[in-house]
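So the chains spell out like this:
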Amino acid sequence: EDADKFGKSWKATELPPVLGTEEQCSVNVNKNNCTLPPAENDLCLKLLDTALFGRCHAVVEPEPFVNLCHESWCHNNHTGCQDLEPYAKECQATGICLSWRGPDLCPYQCPPGLQYQACGLGCDITCDNVELYRKNPSACAAPNSESCVCPYPQVWKNNSCVPENQCQPCDVEGHYPGDSWHPDICTTCTCQVGNSVQCQRTQCPSTATVCERGFKSIVVQGTEADCCPKYMCVLEPREQEATCPPPQQPVCGYGQVLKTESGPNGCQEFICQCVPSDECP
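Residues numbered from 1 in each chain as written. Predicted model: local features only at pLDDT ≥ 70, side-chain atom pairs only at ≥ 80, totals over all residues. Heavy atoms only, no water.

Engineer: Even after reading the chapter, I still don't get the overall build of the protein, so can you show me in this structure?
Structural biologist: Helix and strand counts for the protein stand at five helices and 11 strands. The burial tally for the protein puts 21% of its 281 residues in the buried class. Across the protein, contacts joining residues at least 24 apart in sequence account for 37% of those joining residues at least 6 apart. Counting every atom, the protein has about 20,200 Å² of accessible surface; 51% of that belongs to carbon and sulfur. (Helix = DSSP H or I, 4+ residues; strand = E, 2+ residues; numbered from the N terminus. Buried < 20%, exposed > 50% of the residue type's maximum accessible area, 1.4 Å probe, protein only. Contact = heavy atoms within 4.5 Å. Areas by Shrake-Rupley, 256 points an atom, 1.4 Å probe, with all protein chains shown as cover.)

Below you can see the structure in the form of C-alpha coordinates.
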(Lines give C-alpha, C1' and ligand atoms only; values in the text may rest on other atoms or scores of the structure.)
Protein backbone atom coordinates (compact mmCIF):
# COMPACT_ATOMS: atom_id res chain seq x y z
CA GLU A 1 0.00 0.00 0.00
CA ASP A 2 2.89 2.44 0.82
CA ALA A 3 4.53 1.59 -2.49
CA ASP A 4 1.31 2.41 -4.27
CA LYS A 5 1.10 5.83 -2.61
CA PHE A 6 4.76 6.50 -3.37
CA GLY A 7 4.32 5.64 -7.03
CA LYS A 8 1.26 7.85 -7.40
CA SER A 9 3.11 10.78 -5.81
CA TRP A 10 5.40 10.81 -8.87
CA LYS A 11 2.48 10.94 -11.33
CA ALA A 12 2.80 13.82 -13.80
CA THR A 13 -0.24 16.08 -14.06
CA GLU A 14 0.68 18.12 -17.15
CA LEU A 15 1.49 15.73 -19.98
CA PRO A 16 1.00 16.06 -23.73
CA PRO A 17 -2.41 14.75 -24.87
CA VAL A 18 -0.78 11.81 -26.63
CA LEU A 19 0.36 10.42 -23.29
CA GLY A 20 -2.82 11.00 -21.34
CA THR A 21 -3.15 11.27 -17.57
CA GLU A 22 -4.61 7.85 -16.73
CA GLU A 23 -3.24 6.15 -13.69
CA GLN A 24 -0.65 3.62 -14.73
CA CYS A 25 0.42 2.54 -11.27
CA SER A 26 -1.06 -0.46 -9.51
CA VAL A 27 0.08 -3.04 -7.06
CA ASN A 28 -0.84 -6.71 -7.54
CA VAL A 29 -2.21 -8.57 -4.59
CA ASN A 30 0.39 -10.78 -3.01
CA LYS A 31 -1.47 -14.09 -2.85
CA ASN A 32 1.31 -15.56 -0.78
CA ASN A 33 0.17 -13.34 2.09
CA CYS A 34 -3.50 -14.36 1.65
CA THR A 35 -4.91 -17.31 3.55
CA LEU A 36 -7.78 -18.93 1.68
CA PRO A 37 -10.61 -20.63 3.57
CA PRO A 38 -10.65 -24.43 3.92
CA ALA A 39 -11.76 -26.23 0.77
CA GLU A 40 -15.06 -27.32 2.33
CA ASN A 41 -15.86 -23.66 3.07
CA ASP A 42 -14.38 -22.19 -0.12
CA LEU A 43 -17.31 -20.86 -2.16
CA CYS A 44 -14.98 -20.22 -5.10
CA LEU A 45 -14.39 -23.95 -5.55
CA LYS A 46 -18.09 -24.39 -6.34
CA LEU A 47 -17.14 -23.28 -9.86
CA LEU A 48 -15.27 -26.59 -10.24
CA ASP A 49 -18.31 -28.63 -9.15
CA THR A 50 -19.29 -30.69 -12.19
CA ALA A 51 -22.84 -31.17 -10.92
CA LEU A 52 -23.39 -27.40 -10.85
CA PHE A 53 -21.19 -26.03 -13.62
CA GLY A 54 -19.81 -29.11 -15.42
CA ARG A 55 -21.92 -28.62 -18.56
CA CYS A 56 -19.93 -25.47 -19.29
CA HIS A 57 -16.40 -26.53 -18.28
CA ALA A 58 -15.50 -27.69 -21.79
CA VAL A 59 -16.60 -24.37 -23.28
CA VAL A 60 -15.54 -21.83 -20.64
CA GLU A 61 -12.55 -22.68 -18.44
CA PRO A 62 -13.52 -22.22 -14.80
CA GLU A 63 -9.96 -21.80 -13.38
CA PRO A 64 -9.57 -18.10 -14.33
CA PHE A 65 -12.88 -17.36 -12.63
CA VAL A 66 -11.78 -19.32 -9.56
CA ASN A 67 -8.63 -17.17 -9.42
CA LEU A 68 -10.69 -13.98 -9.70
CA CYS A 69 -12.94 -15.25 -6.94
CA HIS A 70 -9.90 -15.92 -4.73
CA GLU A 71 -8.58 -12.43 -5.45
CA SER A 72 -11.90 -11.09 -4.22
CA TRP A 73 -11.38 -13.10 -1.05
CA CYS A 74 -7.90 -11.70 -0.59
CA HIS A 75 -9.09 -8.11 -1.11
CA ASN A 76 -12.25 -8.30 0.99
CA ASN A 77 -11.64 -11.33 3.21
CA HIS A 78 -14.94 -12.80 2.01
CA THR A 79 -16.63 -14.09 -1.13
CA GLY A 80 -20.25 -14.04 -2.18
CA CYS A 81 -22.65 -15.04 -4.88
CA GLN A 82 -21.49 -12.09 -6.98
CA ASP A 83 -18.17 -13.92 -7.39
CA LEU A 84 -19.88 -16.95 -8.98
CA GLU A 85 -22.31 -15.08 -11.19
CA PRO A 86 -19.72 -13.92 -13.79
CA TYR A 87 -18.96 -17.52 -14.76
CA ALA A 88 -22.66 -18.39 -15.11
CA LYS A 89 -23.21 -15.28 -17.26
CA GLU A 90 -20.24 -16.14 -19.47
CA CYS A 91 -21.67 -19.63 -19.99
CA GLN A 92 -25.08 -18.19 -20.75
CA ALA A 93 -23.51 -15.95 -23.40
CA THR A 94 -22.36 -19.11 -25.20
CA GLY A 95 -25.88 -20.58 -25.06
CA ILE A 96 -25.39 -22.83 -22.02
CA CYS A 97 -28.00 -22.31 -19.32
CA LEU A 98 -26.89 -23.36 -15.83
CA SER A 99 -29.42 -23.85 -13.06
CA TRP A 100 -26.76 -23.64 -10.38
CA ARG A 101 -28.66 -21.81 -7.67
CA GLY A 102 -30.49 -23.59 -4.91
CA PRO A 103 -32.07 -23.04 -1.49
CA ASP A 104 -28.64 -23.37 0.15
CA LEU A 105 -26.53 -21.82 -2.60
CA CYS A 106 -27.16 -18.23 -3.62
CA PRO A 107 -30.98 -18.40 -3.77
CA TYR A 108 -32.49 -15.84 -6.10
CA GLN A 109 -35.11 -13.78 -4.28
CA CYS A 110 -38.21 -12.91 -6.29
CA PRO A 111 -41.09 -10.64 -5.24
CA PRO A 112 -44.34 -12.35 -4.18
CA GLY A 113 -46.25 -13.76 -7.14
CA LEU A 114 -43.16 -14.16 -9.35
CA GLN A 115 -40.93 -17.19 -9.85
CA TYR A 116 -37.24 -17.52 -10.69
CA GLN A 117 -35.96 -18.60 -14.11
CA ALA A 118 -32.28 -19.26 -14.67
CA CYS A 119 -32.48 -18.32 -18.35
CA GLY A 120 -35.72 -16.44 -18.68
CA LEU A 121 -36.82 -14.51 -21.73
CA GLY A 122 -35.15 -11.11 -21.80
CA CYS A 123 -38.53 -9.40 -22.37
CA ASP A 124 -41.50 -9.26 -20.03
CA ILE A 125 -44.48 -11.21 -21.35
CA THR A 126 -47.48 -8.90 -21.16
CA CYS A 127 -51.04 -8.85 -22.47
CA ASP A 128 -49.81 -6.84 -25.45
CA ASN A 129 -47.14 -9.30 -26.62
CA VAL A 130 -48.14 -12.68 -25.17
CA GLU A 131 -49.27 -14.16 -28.51
CA LEU A 132 -46.07 -13.04 -30.24
CA TYR A 133 -43.59 -14.26 -27.62
CA ARG A 134 -45.41 -17.54 -26.91
CA LYS A 135 -45.27 -18.47 -30.60
CA ASN A 136 -41.90 -16.90 -31.41
CA PRO A 137 -39.62 -16.25 -28.39
CA SER A 138 -36.83 -15.15 -30.72
CA ALA A 139 -38.87 -12.02 -31.45
CA CYS A 140 -37.48 -10.69 -28.16
CA ALA A 141 -34.23 -8.92 -29.04
CA ALA A 142 -32.92 -8.89 -25.46
CA PRO A 143 -30.71 -11.85 -24.44
CA ASN A 144 -31.99 -14.45 -22.01
CA SER A 145 -31.03 -13.76 -18.43
CA GLU A 146 -31.75 -14.62 -14.82
CA SER A 147 -35.07 -13.07 -14.00
CA CYS A 148 -38.28 -13.22 -12.01
CA VAL A 149 -41.27 -13.98 -14.22
CA CYS A 150 -44.98 -14.65 -13.92
CA PRO A 151 -45.83 -18.35 -13.47
CA TYR A 152 -47.03 -19.91 -16.73
CA PRO A 153 -49.61 -19.25 -18.14
CA GLN A 154 -49.91 -15.90 -16.38
CA VAL A 155 -48.72 -12.62 -17.90
CA TRP A 156 -47.73 -9.19 -16.61
CA LYS A 157 -50.54 -6.63 -16.42
CA ASN A 158 -50.78 -3.45 -14.34
CA ASN A 159 -47.82 -4.42 -12.11
CA SER A 160 -49.14 -7.89 -11.27
CA CYS A 161 -49.51 -11.34 -12.80
CA VAL A 162 -52.89 -12.31 -14.24
CA PRO A 163 -54.11 -15.36 -16.24
CA GLU A 164 -53.82 -14.89 -19.98
CA ASN A 165 -57.60 -15.06 -20.38
CA GLN A 166 -57.95 -11.99 -18.18
CA CYS A 167 -56.12 -9.68 -20.55
CA GLN A 168 -59.31 -8.52 -22.28
CA PRO A 169 -62.73 -8.50 -20.56
CA CYS A 170 -65.89 -9.71 -22.29
CA ASP A 171 -67.89 -6.62 -21.36
CA VAL A 172 -67.70 -3.24 -19.67
CA GLU A 173 -68.58 -4.86 -16.34
CA GLY A 174 -65.23 -6.68 -16.29
CA HIS A 175 -66.28 -10.29 -16.83
CA TYR A 176 -63.60 -12.63 -18.20
CA PRO A 177 -63.73 -16.03 -19.98
CA GLY A 178 -65.08 -18.62 -17.58
CA ASP A 179 -67.13 -16.12 -15.56
CA SER A 180 -70.86 -16.71 -15.10
CA TRP A 181 -73.38 -14.18 -13.80
CA HIS A 182 -77.12 -13.42 -13.59
CA PRO A 183 -78.38 -10.10 -15.00
CA ASP A 184 -81.77 -11.06 -13.52
CA ILE A 185 -83.20 -14.05 -11.69
CA CYS A 186 -84.23 -15.79 -14.91
CA THR A 187 -81.11 -15.15 -17.06
CA THR A 188 -77.65 -16.75 -16.87
CA CYS A 189 -74.77 -15.28 -18.91
CA THR A 190 -71.30 -16.74 -19.46
CA CYS A 191 -68.14 -15.27 -20.95
CA GLN A 192 -66.81 -17.66 -23.59
CA VAL A 193 -63.29 -18.18 -24.91
CA GLY A 194 -62.78 -15.46 -27.48
CA ASN A 195 -64.51 -12.89 -25.25
CA SER A 196 -68.04 -13.54 -26.52
CA VAL A 197 -71.00 -13.41 -24.13
CA GLN A 198 -73.79 -15.99 -24.28
CA CYS A 199 -76.97 -15.61 -22.24
CA GLN A 200 -79.76 -18.12 -21.65
CA ARG A 201 -83.14 -17.31 -20.16
CA THR A 202 -85.05 -19.90 -18.14
CA GLN A 203 -88.56 -20.57 -19.45
CA CYS A 204 -91.10 -21.22 -16.70
CA PRO A 205 -93.99 -23.68 -17.20
CA SER A 206 -96.88 -21.95 -18.94
CA THR A 207 -99.56 -23.96 -17.12
CA ALA A 208 -100.53 -23.00 -13.60
CA THR A 209 -100.76 -25.55 -10.81
CA VAL A 210 -104.28 -27.05 -10.86
CA CYS A 211 -105.63 -28.26 -7.53
CA GLU A 212 -108.63 -30.46 -6.76
CA ARG A 213 -111.81 -28.98 -5.39
CA GLY A 214 -111.40 -28.00 -1.79
CA PHE A 215 -107.70 -27.23 -2.27
CA LYS A 216 -105.86 -24.09 -3.30
CA SER A 217 -102.41 -23.36 -4.79
CA ILE A 218 -99.72 -21.60 -2.70
CA VAL A 219 -96.01 -20.83 -3.28
CA VAL A 220 -93.60 -23.28 -1.67
CA GLN A 221 -91.67 -21.52 1.06
CA GLY A 222 -88.09 -20.71 0.04
CA THR A 223 -88.83 -20.51 -3.69
CA GLU A 224 -90.49 -17.08 -3.70
CA ALA A 225 -87.36 -15.41 -5.16
CA ASP A 226 -86.73 -18.14 -7.76
CA CYS A 227 -87.21 -17.47 -11.43
CA CYS A 228 -89.90 -20.16 -11.46
CA PRO A 229 -91.42 -20.41 -7.96
CA LYS A 230 -92.78 -23.82 -6.97
CA TYR A 231 -96.41 -24.28 -5.98
CA MET A 232 -98.26 -26.84 -3.92
CA CYS A 233 -101.90 -27.61 -3.22
CA VAL A 234 -103.21 -27.24 0.33
CA LEU A 235 -106.65 -27.75 1.79
CA GLU A 236 -108.70 -24.60 1.78
CA PRO A 237 -109.67 -23.44 5.26
CA ARG A 238 -113.30 -24.09 6.17
CA GLU A 239 -115.52 -21.41 7.50
CA GLN A 240 -116.13 -21.81 11.20
CA GLU A 241 -119.65 -22.83 12.18
CA ALA A 242 -120.70 -22.93 8.57
CA THR A 243 -124.40 -23.57 8.00
CA CYS A 244 -124.81 -26.15 5.29
CA PRO A 245 -127.99 -26.02 3.22
CA PRO A 246 -129.62 -29.28 2.22
CA PRO A 247 -127.73 -30.71 -0.75
CA GLN A 248 -129.52 -30.52 -4.06
CA GLN A 249 -129.67 -33.83 -5.86
CA PRO A 250 -129.06 -33.45 -9.60
CA VAL A 251 -130.42 -35.75 -12.27
CA CYS A 252 -127.50 -37.70 -13.71
CA GLY A 253 -127.37 -38.60 -17.37
CA TYR A 254 -126.69 -41.88 -19.07
CA GLY A 255 -123.38 -43.42 -18.00
CA GLN A 256 -123.17 -41.27 -14.85
CA VAL A 257 -123.56 -42.10 -11.19
CA LEU A 258 -124.51 -39.91 -8.25
CA LYS A 259 -121.83 -39.30 -5.62
CA THR A 260 -121.25 -36.98 -2.69
CA GLU A 261 -118.19 -34.95 -1.78
CA SER A 262 -117.19 -32.02 0.40
CA GLY A 263 -117.41 -28.63 -1.23
CA PRO A 264 -115.05 -25.67 -0.66
CA ASN A 265 -117.14 -24.64 2.35
CA GLY A 266 -116.99 -28.10 3.88
CA CYS A 267 -120.61 -28.89 3.15
CA GLN A 268 -121.68 -32.11 1.50
CA GLU A 269 -122.99 -31.87 -2.03
CA PHE A 270 -124.10 -34.26 -4.76
CA ILE A 271 -122.21 -34.54 -8.05
CA CYS A 272 -122.60 -36.67 -11.15
CA GLN A 273 -119.55 -38.62 -12.27
CA CYS A 274 -118.99 -40.82 -15.29
CA VAL A 275 -119.10 -44.52 -14.63
CA PRO A 276 -115.62 -46.08 -15.07
CA SER A 277 -115.43 -48.12 -18.26
CA ASP A 278 -114.65 -51.30 -16.36
CA GLU A 279 -117.94 -50.95 -14.44
CA CYS A 280 -120.13 -50.51 -17.50
CA PRO A 281 -122.59 -53.40 -18.15
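Further notes follow.
Engineer: Looking at this model, I keep getting lost on the packing of aromatic side chains. Mind explaining?
Structural biologist: For any pair of aromatic rings, the description consists of the separation of the ring centres together with the inter-plane angle of the planes. Counted according to the given criterion, the structure contains four aromatic pairs. Look at F53 and Y87: their rings are 5.7 Å apart centre to centre, the planes differ by 70 degrees, and that puts the pair in the edge-to-face class. Of the two residues, F53 is situated in helix α2 (residues 50-57) and Y87 in helix α4 (residues 85-93); the sequence distance between them amounts to 34 residues. Like F53, the residue Y87 is buried in the burial classification. Following the ring pairs from residue to residue traces out a cluster consisting of F53, F65, Y87 and W100. (Phe/Tyr/Trp six-rings, centres within 6.5 Å; stacked < 30°, edge-to-face > 60°.)

Engineer: Looking at this model, I keep getting lost on the environment of P246. Mind explaining?
Structural biologist: Tracing the backbone shows P246 in the loop between β9 (231-235) and β10 (256-262). Residue P246 is classed as exposed on the basis of its relative accessible area of 62%. Separated by 23 residues in sequence, P246 and E269 place their C-alpha atoms 8.3 Å apart.

Engineer: I'm lost on α4 in this one. Help?
Structural biologist: Since the α-helix turns once every 3.6 residues, residues separated by three or four places project in the same direction. Looking at α4, one finds that the buried residues are Y87, A88 and C91. With its buried residues spanning 100 degrees around the axis, α4 presents them on a single face. Turned more than 90 degrees from where α4 packs its buried face, K89 and A93 sit exposed. Summarising the contacts, the buried residues of α4 are in contact with α2 and α3 (63-76). Once α4 ends, the next one or two residues include G95, with phi positive near 95 degrees. (Arc of directions from axis to C-beta.)

Engineer: Sorry if this is basic, but what is going on with the pattern of salt bridges here?
Structural biologist: Where charged atoms from two side chains of opposite charge come close, those side chains can pair. Considering all chains together, one arrives at six salt bridges under this definition. Between E146 and R101 there is a salt bridge, and its shortest N-O distance comes to 2.6 Å. Highlighted residues: E146 in strand β2 (residues 145-149) and R101 in the loop between α4 and β1 (115-120), separated in sequence by 45 residues. Taking the relative accessible area as the measure of exposure, R101 reaches 14% and is therefore buried. Two residues, R213 and E261, come together in a salt bridge whose shortest N-O distance is 3.4 Å. Taken together, the residues span a long stretch of sequence, with R213 in the loop between β7 (197-201) and β8 (215-219) and E261 in strand β10 at a distance of 48 residues. Residue classification places R213 among the partly exposed residues on the basis of a relative accessible area of 49%. Note on E261: relative accessible area 23%, which makes it partly exposed. Each of E85, R101 and E146 takes part in salt bridges that share partners, so that together they form one network. (Salt bridge = Lys/Arg side-chain N within 4 Å of Asp/Glu carboxyl O.)

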